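The primary structure of each chain is shown beneath.
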Amino acid sequence: MEVTIRARTNLHLLMAKSRTLRYRTRLVGLLMITPGLAMIVSLLFYPLFHSLVISLYDLNIRAPWLGPRFVGLRNYLQALSSPDVQAAAGRSLYLAAVGIGLGIPLSMAFALILNRPFPLRGLVRGLLIVPWILPGTVQGLLWSRIYDPHYGALNGVLYQLGIIRDYIPWLLDPQRALLLVALANTWATVPMMTLLYLAGLQSIPEEIYEAAQVDGAGWWARFRHITLPLLMPITLINLILKTIDALTLFDLVYVLTGGGPANATQVIGYYLYDAAFQRLEYGYASALAWLIALTAVGLTVLYSRITRPGEARL
């Protein structure tokens, strides 16, 4: 009887020590993540919540003595009904369409090339990321030199090849400027999409290709029935990233065209900057930013539904 009581007492002591140890472990873990959690809340969630609150007010920055005035969803309705916003959103979607239509095939082709062994492959892979890591302002300055109407590289090459007789002011034509901005932006984002495709290609086992080749499948059949389906998740990621990039593009447009000529390159990101920092309409700009974010989320859901039927898993 005495042994049983001692055993129960020891068991209770062990359980109490175990609970204390678990409590201390959780407390230490909580203390360790507290600084990071505080930074996330202060740098991410608080600004998001604050911008949401601001979007419901007319702040009257030009007349601060009037104070903020609650307007509810008026800023959202004004942005949705504005012809300027609709035109700017259409230009951003045009950038996304050009970037996807050109960028996806080019990046996949480059990834297929870089996935094969050849001399200096590592150097070429390293040089590939240079356009991507350049800041948007540097990209804008670079392409402004290329498109320059007096001494630009584009005019020089076309003139030497005999394609044009006179130098062309490329960025002064409203019908041409947006396409040129889209091409410059595609040049900057293709390296990132190529690296993602390259990582996807290297994750595909070679045994699948070998088995298909033994069964008599040619290179096109292997690409169509193996490579494309297995790269569909990467394609989805590239679609999402390219769309978000087009919806938030600002720095390249700011340096290259300044939204001109005649607002022909005023994409939604540049329009947001104009509303917030030129016209000082912070409430309206915050509402527009939330609409852009919701549009990106909606397009992400749409892309996932479109690509899901063709997605293949190993």
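Remember, predicted model here, so these are calculated numbers, not experimental data.

**Student:** Could you give an account of the overall build of the protein chain, with specific residues and numbers?
**Tutor:** Along its length, the protein chain carries 14 helices and 2 strands. For 314 residues, the compact-globule estimate of 2.2 N^0.38 gives 20 Å, and the protein chain exceeds it by more than 25% at 28 Å. When the backbone C-alpha atoms are referred to their principal axes, the protein chain occupies close to 110 × 80 × 35 Å. Sequence-distant contacts in the protein chain: of pairs separated by 6 or more residues, those separated by 24 or more amount to 66%. Approximately 19,300 Å² of the protein chain is accessible, and the part contributed by carbon and sulfur atoms is 68%.

**Student:** Could you give me a rundown of helix H10 (residues 219-230), with the residues and numbers involved?
**Tutor:** Spacing of three or four residues puts side chains on the same side of an α-helix, whose turn is 3.6 residues. Compared with an ideal rise of 1.5 Å per residue, which puts 12 residues at 16 Å, H10 spans 15 Å between its outermost C-alpha atoms and is within 8% of the ideal. What H10 keeps buried is the set Arg222, Phe223, Ile226, Thr227, Pro229 and Leu230. The inward-facing, buried residues of H10 contact helix H3 (83-114), helix H8 (174-202), helix H9 (206-214) and helix H11 (232-248).

**Student:** An account of the side chain of serine 107 is requested, with residue identities and associated values reported.
**Tutor:** With respect to the helices, strands and loops of the structure, serine 107 is situated in helix H3. Accessibility expressed as a relative area gives 0% for serine 107, which makes it buried. From its side chain, serine 107 meets the backbone oxygen of glycine 103 in a polar contact 2.6 Å long. Among the polar contacts listed, one links the side chain of serine 107 to the backbone oxygen of isoleucine 104, at a separation of 3.0 Å. The residues contacting serine 107, other than those within four sequence positions of it, are Val190, Met193, Thr194 and Tyr197.

**Student:** Any chance you could break down unusual backbone geometry for me, citing the residues and the numbers?
**Tutor:** At the junction of glycine 260 and proline 261, the peptide bond is cis and its omega measures out at -5 degrees in the coordinates. Along the chain, proline 261 turns up in the loop between helix H12 (251-256) and helix H13 (268-278). Located in the positive-phi region is asparagine 263, a residue other than glycine, with phi close to 60 degrees. Note on placement: asparagine 263 falls in the loop between H12 and H13. Here asparagine 263 falls in the partly exposed class, since its relative accessible area comes to 42%. With phi around 60 degrees, leucine 280 is a residue other than glycine that occupies positive phi space. In this structure, leucine 280 sits in the loop between H13 and helix H14 (282-307). Residue classification places leucine 280 among the partly exposed residues on the basis of a relative accessible area of 29%.

**Student:** Outline the packing of aromatic side chains, listing residues and values.
**Tutor:** According to the stated counting rule, one finds 14 aromatic pairs in the structure shown. Look at tyrosine 159 and tyrosine 167: their rings are 5.8 Å apart centre to centre, the planes differ by 75 degrees, and that puts the pair in the edge-to-face class. The exposure class assigned to tyrosine 159 is partly exposed, which follows from its relative accessible area of 42%. On the basis of relative accessible area, tyrosine 167 is assigned to the partly exposed category, the value being 37%. Arranged with centres 5.7 Å apart and planes meeting at 80 degrees, the rings of tyrosine 254 and tyrosine 273 form a pair that is edge-to-face. In this pair, tyrosine 254 sits in helix H12 while tyrosine 273 sits in helix H13, placing the two residues 19 residues apart along the sequence. An aromatic cluster of at least three residues, connected via ring pairs, comprises Phe250, Tyr254, Tyr270, Tyr273, Phe277 and Tyr282.

Rules of the game
Residues numbered from 1 in each chain as written. Predicted model: local features only at pLDDT ≥ 70, side-chain atom pairs only at ≥ 80, totals over all residues. Heavy atoms only, no water. Helix = DSSP H or I, 4+ residues; strand = E, 2+ residues; numbered from the N terminus. Rg over C-alpha atoms; globule rule 2.2 N^0.38 Å. Contact = heavy atoms within 4.5 Å. Areas by Shrake-Rupley, 256 points an atom, 1.4 Å probe, with all protein chains shown as cover. Expected span 1.5 Å × (residues − 1). Buried < 20%, exposed > 50% of the residue type's maximum accessible area, 1.4 Å probe, protein only. Polar contact = N/O pair within 3.5 Å; in protein donor to acceptor, adjacent residues only side chain to side chain. Phe/Tyr/Trp six-rings, centres within 6.5 Å; stacked < 30°, edge-to-face > 60°.

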